[in-house]
Amino acid sequence: MEEFEQWAHARSAALARSAYLLTGDVHLAEDLVQETLTRVAQRWRRVRRQGAPDAYARRVMHNLAVDAWRRRRSRPREVLGAEAPEPSAHGERDPDRRLVLRDALLRLTPRQRAVLSLRFYEDLTEVETAAVLGCSVSTVKSTAREALARLRAAAPEHLAAFAPGEGP
Amino acid sequence: MTHDLLEDLVRDVPPRVTPDIDLAWRTGTARRRRRSAVGAAAAAVLGVVVGLGVLGFDAPRRADPADGGGSGYPSEVPRPIALTELPDKPGLMAGVMELEGASEWVVFDSAGRSWRLPGISPGGGETPALSDDGRMLGYLAQKTDDRSEYVFVDLVTGARTGFPEVGDGRSYDDEMLTGQAYFESGQTPQLWSPDNRWLAVNGSAVEESKPGPLLLGVDGEVREVGVGNWPVGWLAADRLAILSGAGTLKTVDPSGEVLDRVDLAIPRDFKVWGQWSARLSGDGSKIAVRGDERVDRDAERRLYVFDTRTGALLDDWDWRDRLSDTCLMAWQSDQVLAWEYGGLVDVATGEVVVEPAGQWGETTCGMLSTRALAGPAQPGPGVVEWRYWDVLWLWRQLLGGLAVLLVGSVLVWLARHRRRTVGGAT
């Protein structure tokens, strides 16, 4: 329990950020993090023995996010909250661009968001991303390409920085 | 560049996302335990199934005509989950018993496996007759709503012998509408000869007013004995014993000729009560007679045992109140057994010999074959010789139970999933 607690405290912030990228909503992100931690706790002994709790948590979280989309086909559409994290007082950020980016992300499919998160936020390679999501590398490539294209199309003036071919 | 954009978007998220780590641990641990338990249970079931497959599963054993289908009698007759009808050729049976209020008779074998006797006439308190060796069954069968006729069933071959001329003797509007020549009285004991050639019942030709012993032959013959009072057993294949109310034991042959007559030494203060009051021992050397004190109220009842050759009193015991007085007694070696509500008991000691187990409700009468009672008590419940996979003779019930369990689990899972889904969407 103690080791899990230490690990969870250390990783909560990173998990929260990834969860927000995947859901676009802090409440849904919190649910996703909670479920991810529960799944990790469920297999904590094995995961700790293998020495890769971070990787396991990443895989669980991204697959949960994709599975949530699959489940949504047979359940009422979730109402994504319009709630975005309040910008901090750092003046150098562009609140408009953040809102546009968040809205554009919400227009992506969960799988596209998951690929985007893994490739361009977690900085995994295509092979590693494919391994996490349990799909082929070509699927990762095409999904990433489509995701970036949609982002650019959503707000070209703000998101032109999303260039194809970027990433490790 | 892309990373920076995304990092900028989520930079301020962590303070607003506050998972409950302790709850995550508790929930995760509980899930792990639950899955382990389910996995262990599934593995156990799989292990049993595979084990049975490897060790070899004997098909449900039925009484085998070749070896007698196992000997002895069941110390318990468990109620099966589903009481099915007696098959055509079940093999040798050990006994029958009556379910109170259900107008039903149940037939069971040495292992305590039981079946419902179909088609027995519901009126008149009919009693089926099981032969000494457990092979022949005779009873008044209901043919139509207002007609019944006697039938013999060979439980080994499945052969049936009908007696269309022998009915229940009931008249309708004071007229015998069934047109049958004989009637069987009902509420009377019926006794097979040792060779299964004859069944002695109480009845008569329809035009006669006073019933007496009537012999039904396995070849379909019907014969009136012509000697009154109650048959109590067979001394030999052609020697029927009949007891009068005064305590005289007559021996007659199937033609009705009286071959012997012995007066039993019944104490003066006691009388023989009726048709259920006596039973000859298996070897015919003794007879058990229930005597009722000749007083109007609070009459004492005793069970006497006499020597059939001399009529001398050999033994006597109290007849306890709970012992049925409308059910045929039985002999097990030198012990007299009688049905007490809830089982066949030794009259002398009160020890239960055969016990209906489970949700049978009250069982008002039961009779066992002489052959079964001569054998050993079989451990139960429900098996001839206890082997753990014998429980699979209830395979239909087991499969049904598993199916119900599976369907129930799926429904519970669906309900929980739906609740979770709806809850998550709102």
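Above this text is the structure in question.
Student: Which residues make up the pattern of salt bridges, and what are the values?
Tutor: Residues and elements named next belong to chain A. Following the criterion strictly, the structure yields 27 salt bridges over all chains and no others. Ionic pairing is found between Glu35 and Arg39, a salt bridge with its closest N-O pair at 2.7 Å. Taken together, the residues Glu35 and Arg39, both in helix α2 (residues 26-42) and four residues apart, mark about one turn of the helix. The exposure class of Arg39 is partly exposed, given its relative accessible area of 31%.

Student: Outline the sheet that holds strand β4 (residues 104-108) of chain B, listing residues and values.
Tutor: All names here are of chain B. Here four strands make up an open sheet; going across it, the order is β5-β4-β3-β29 and the pairing antiparallel. Both edges of this open sheet fall to β5 (114-116) and β29 (363-368), since each of them pairs with a single strand only. Taken pair by pair, the neighbouring strands of this sheet meet at an average axis angle of 25 degrees, ignoring direction. Note: β4 against β5, three bridges, orientation antiparallel. When the bridges of β5 are listed, Val106 appears paired with Arg116.

Student: Can you lay out unusual backbone geometry for me, pointing to particular residues and giving the numbers?
Tutor: The phi dihedral of Asp123 of chain A falls on the positive side, at around 60 degrees, and the residue is not glycine. Relative to the assigned elements, Asp123 of chain A resides in the loop between α6 (110-121) and α7 (126-133). The backbone of Asn196 of chain B sits at a positive phi, close to 60 degrees, despite the residue not being glycine. Judged by relative accessible area, Asn196 of chain B falls into the buried class, the value being 10%.

Student: I'd like a rundown of the pairing of strand β7 (residues 136-144) of chain B, residues and numbers included.
Tutor: All names here are of chain B. Note that strand β6 (residues 129-130) and β7 share two bridges and pair antiparallel. Residue pairing for β7: Leu130 is matched across the bridge by Leu137. The antiparallel pairing of β6 with β7 creates a hairpin that spans five residues between the two strands, and Gly134 there sits at a positive phi of about 80 degrees. Here eight bridges tie β7 to strand β8 (residues 147-154), and the two strands are oriented antiparallel to one another. What sits directly across from Leu140, in β8, is Tyr150.

Thresholds, definitions, all that
- Residues numbered from 1 in each chain as written.
- Chains lettered and ligands numbered in written order.
- Predicted model: local features only at pLDDT ≥ 70, side-chain atom pairs only at ≥ 80, totals over all residues.
- Heavy atoms only, no water.
- Salt bridge = Lys/Arg side-chain N within 4 Å of Asp/Glu carboxyl O.
- Helix = DSSP H or I, 4+ residues; strand = E, 2+ residues; numbered from the N terminus.
- Buried < 20%, exposed > 50% of the residue type's maximum accessible area, 1.4 Å probe, protein only.
- Pairing = 2+ DSSP bridges.
- Axes fitted to C-alpha atoms, helices over the stretch in contact; angles between N-to-C directions.

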